[in-house]
Amino acid sequence: EAAVTQSPRSKVAVTGGKVTLSCHQTNNHDYMYWYRQDTGHGLRLIHYSYVADSTEKGDIPDGYKASRPSQENFSLILELASLSQTAVYFCASSDARTVSYEQYFGPGTRLTVL
Amino acid sequence: QQQVRQSPQSLTVWEGETAILNCSYEDSTFNYFPWYQQFPGEGPALLISISSVSDKKEDGRFTIFFNKREKKLSLHITDSQPGDSATYFCAARKGSNYQLIWGSGTKLIIKP
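Residues numbered from 1 in each chain as written. Chains lettered and ligands numbered in written order. Predicted model: local features only at pLDDT ≥ 70, side-chain atom pairs only at ≥ 80, totals over all residues. Heavy atoms only, no water.

Asks: Hey, could you go over the nonpolar core for me, with residue numbers and the actual values?
Replies: Counting 26 residues, the largest nonpolar core has W35(B), L73(B), L75(B) and Y88(B) as its most contacted members. Of all the secondary-structure elements, those providing two or more residues to this core are β2 (10-14), β3 (19-25), β4 (30-38), β5 (45-51), β7 (62-67), β8 (72-77), β9 (86-94) and β11 (106-111) of chain B. L76(A), A87(A), Y89(A) and L111(A) belong to the second largest nonpolar core, which has 19 residues in total. (Core = buried A, V, L, I, M, F, W, Y, C linked by side-chain atoms within 4.5 Å. Buried < 20%, exposed > 50% of the residue type's maximum accessible area, 1.4 Å probe, protein only. Helix = DSSP H or I, 4+ residues; strand = E, 2+ residues; numbered from the N terminus.)

This is the structure in structure tokens:
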């Protein structure tokens, strides 16, 4: 069965510190995505990637970097974490070969920046 | 600018009743509308979807009604069960574009 895993599941970071969130998928999917979820805002796209070694900016990329070293792995990097980046972060993958582009989500990472 | 709007923000219905969740959009070029279901502590998962060439899509107790002219759609959950308690997201997509535009969600509570 398709699987997207994220690590860590929760993290407390200090303001100005560096944070790396990791995502791994075993779906053999081309596309991978990073979203953040805040109450009342639904899901907002931060970065995405459609091939290894390439990343693209989503709707809210400021303050975030992404890295896709392989088809299976996609990381989100906060170089200088800020209070406003406290949120739940979801990774997802989808198959460009299907009509639906159904997105499969990981369980999320709850990030708290103090 | 929020291109996909959902209402109500939260909804409580009794077990066995029909829950109706609403969604509207602005971009007439959107042609695919998935609904995702999210339980607390989990990521969203695809529940049911509809393309703009259809006006209705049914899957068991879940039905999407789509009105292209009014740019509105609704998700009906009949015979609601406590296990249906979750947050439901309406999303929209253009053509073969990978990107989904997400609504802000409706939190559904089913009272036994």
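Asks: Can you explain the state of the cysteines? Please cite residues and give values.
Replies: One pass over the structure, following the stated rule, counts 2 disulfides over all chains. Across the disulfide from C23(A) sits C91(A); the S-S distance is 1.9 Å. Handedness of the C23(A)-C91(A) disulfide follows from its S-S torsion of about -75°: it is left-handed. Linking C23(A) in strand β3 (residues 19-25) with C91(A) in strand β9 (residues 87-94), this pair joins segments that are 68 residues apart in sequence. For C91(A), a relative accessible area of 0% corresponds to the buried category. The side chain of C23(B) participates in a disulfide bridge whose partner is C90(B); the two sulfur atoms lie 2.0 Å from each other. Judged by the sign of its S-S torsion, about -70°, the bond between C23(B) and C90(B) is left-handed. You can see C23(B) sitting in strand β3 and its partner C90(B) sitting in strand β9, a full 67 residues away along the chain. (Disulfide = S-S within 2.5 Å.)

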